[in-house]
Amino acid sequence: MTLRNRLISQIRMHGPISVADYMQIALMDPKEGYYATRDPLGAAGDFTTAPEISQMFGELIGLCLAQSWLDRGAPAPFTLAELGPGRGTLMADLLRATRVVPGFYAAAQIHLVEVSPALRIKQAETLEDEDPVWLDRVTALPAQPLFLIANEFLDALPIRQFLRDDAHWRERQIGLSEDALAFGLGPVQPQPALSFRLEDTQVGDLVEDCPGLAPIIAEVSARIRDHGGVGLFVDYGDWRSLGDTLQALHDHKPADPLAAPGAADLTAHVDFEAVAKAALCPHSRLTPQGVFLERLGIVDRAQRLAEDLQAGVLEAHVAAFRRLTHPDEMGNLFKVMALYSEDAAPPPGLEP
Ligand code: SAH
């Protein structure tokens, strides 16, 4: 039975499910889940990401983390971690760029937090000369200094959606309409965790909550607080959610999220206020990706790389630079927030 038909019979028997449950099943079902079964990245996949667009992204993230490591007294050994490493491209670019930083590579113990068996295989190929440790979850990260990157990781975590009804909330659910999957609304229920949203919303507004986010941020930030370190979170989103941001991407185009569960990528914008609230250590100001990369020197790096390029390759390089930084492309939609230990300044490119 296809995943769609399995979902339909489950809903017919047990009733509607939350958007979070739907995302969880569509992304991670062991047989047909989107991430569980394939490598979705790149031109032949469904979407592309900053490290796949240009090597400059991983290089600059690497230099940012290495400088943060130096600023914290170059602790050894330390955990060099990535959450949701995709194809391993960012980690490979990061490791190449940080070779010039004495002691960094020797002290780094590489940990990759990845649930997808298909992507773990891809990561092992990309990082064949390394000896990474794969983890299922952040709770298994070692108790030692932690320098971490998570690019487009938080957006893949399942979200719940709530529609304001008077001074209460109704959860958006997925049920059936004439035997097809369809959105609907659950009963009015008390949602004490959302009471602060009564101040800035109106009847009919939709807000989102990502239940998996706070536990992950708490785990990461507790290690940073206790052992020192920095965590960089890069994603699309903003400070405080408002409106429906659930999106499906198939073949680089927006798709109906309910049309073919397991066949399209499902994500939601990240609410960075929730990241800040869950952090047990200081967090940086939320900063647009374009501003962050420019402060880290992407203009110089792009010019340096351009000197060795000609014709079509040069054009592609200039387009990639624009895509990462320009406010009309990823420069403004994507934001960066760092979690950092108090023993040193925030990472380069970011402010307290
Ligand atoms: N960071 C990569 C890939 C982004 S796609 C890049 O920028 O190219 C999202 C990644 O997160 C994939 O590797 C996916 O398998 C992984 N992922 C999604 N949910 C996860 C979870 N709950 N735990 C660990 N990894 C997860």
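Please refer to the structure placed before this passage.
Residues numbered from 1 in each chain as written. Predicted model: local features only at pLDDT ≥ 70, side-chain atom pairs only at ≥ 80, totals over all residues. Heavy atoms only, no water.

A. Main features of the layout of surface pockets. Looking at the second largest pocket, its volume works out to about 450 Å³. Along the walls of the second largest pocket sit 27 residues, with Glu-208, Asp-209, Cys-210, Asp-271 and Ala-274 positioned nearest its centre. Looking at the lining of the second largest pocket, the elements with two or more residues in it are strand E6 (160-165), strand E9 (206-209), helix H9 (213-227), strand E14 (270-271) and helix H10 (272-278). Ranked by residue count, the leading element in the lining of the second largest pocket is H10, at 4 residues. (1 Å grid on protein atoms, 1.4 Å probe; cavity = no way out; pocket = protein on both sides within 12 Å on 5 of 7 lines; lining within 4 Å. Points joined across faces, edges and corners; volume = space filled by probe spheres on them. Helix = DSSP H or I, 4+ residues; strand = E, 2+ residues; numbered from the N terminus.)

B. Just the site of the ligand, in detail. Near the ligand, the surroundings consist of 19 residues, among which Thr-49, Gly-84, Gly-86, Glu-114 and Asn-151 are the closest. Residue Thr-49 places a side-chain N or O atom 2.5 Å away from an oxygen atom belonging to the ligand. Residue Asn-151 places a main-chain N or O atom 2.7 Å away from a nitrogen atom belonging to the ligand. Alone, the ligand offers 570 Å² of accessible surface; in the complex the protein occludes 93% of this. Here the residues of the shell around the ligand sort into 11 nonpolar, 5 polar and 3 charged. (Near = heavy atom within 4 Å. Polar contact = N/O pair within 3.5 Å; in protein donor to acceptor, adjacent residues only side chain to side chain. Areas by Shrake-Rupley, 256 points an atom, 1.4 Å probe, with all protein chains shown as cover. Nonpolar A, V, L, I, M, F, W, Y, C, P; charged D, E, K, R; others polar.)

C. Looking closely at the packing of aromatic side chains. Considering all chains together, one arrives at 6 aromatic pairs under this definition. Ring centres 5.5 Å apart and planes at 75° place the aromatic pair Tyr-34 and Tyr-35 in the edge-to-face group. Exposure class is identical for Tyr-34 and Tyr-35. Each is buried. Ring geometry for Tyr-236 and Phe-334: centres 5.3 Å apart, planes at 85°, overall edge-to-face. Of the two residues, Tyr-236 is situated in strand E10 (residues 229-238) and Phe-334 in strand E16 (residues 334-340); the sequence distance between them amounts to 98 residues. The class for Tyr-236 is buried, based on a relative accessible area of 7%. The class of Phe-334 is buried, set by a relative accessible area of 6%. (Phe/Tyr/Trp six-rings, centres within 6.5 Å; stacked < 30°, edge-to-face > 60°. Buried < 20%, exposed > 50% of the residue type's maximum accessible area, 1.4 Å probe, protein only.)

D. Geometry of the packing of helix H1 (residues 3-14) against helix H2 (residues 19-28). At their nearest, the axes of H1 and H2 sit 11 Å apart, and the two run at 150° to each other. Considering their axes alone, H1 and H2 lie roughly antiparallel with respect to each other. Relative to H2, H1 is oriented so that their crossing is right-handed. Facing H1, whose interface residues are Leu-3, Leu-7 and Gln-10, H2 presents Tyr-22, Ile-25 and Ala-26. Of the residues in the contact of H1 with H2, the class split is 5 nonpolar, 1 polar and no charged. (Axes fitted to C-alpha atoms, helices over the stretch in contact; angles between N-to-C directions. Parallel < 35°, antiparallel > 145°, perpendicular 65-115°, else oblique. Left-handed = near helix turned anticlockwise from the far one by under 90°. Contact = heavy atoms within 4.5 Å.)

E. Geometry of the pattern of salt bridges. All chains considered together, the criterion is met by 26 salt bridges. Two residues, Glu-171 and Arg-160, come together in a salt bridge whose shortest N-O distance is 2.6 Å. Remark: Arg-160 occurs in strand E6 and Glu-171 occurs in strand E7 (residues 168-177); sequence separation between them is 11 residues. Here Glu-171 falls in the buried class, since its relative accessible area comes to 10%. Here Arg-197 and Asp-200 are joined by a salt bridge, their closest N and O atoms 3.0 Å apart. A relative accessible area of 33% places Asp-200 in the partly exposed class. Among the ionic contacts, a cluster of salt bridges with common partners joins Glu-59, Asp-93, Arg-96 and Arg-301. (Salt bridge = Lys/Arg side-chain N within 4 Å of Asp/Glu carboxyl O.)

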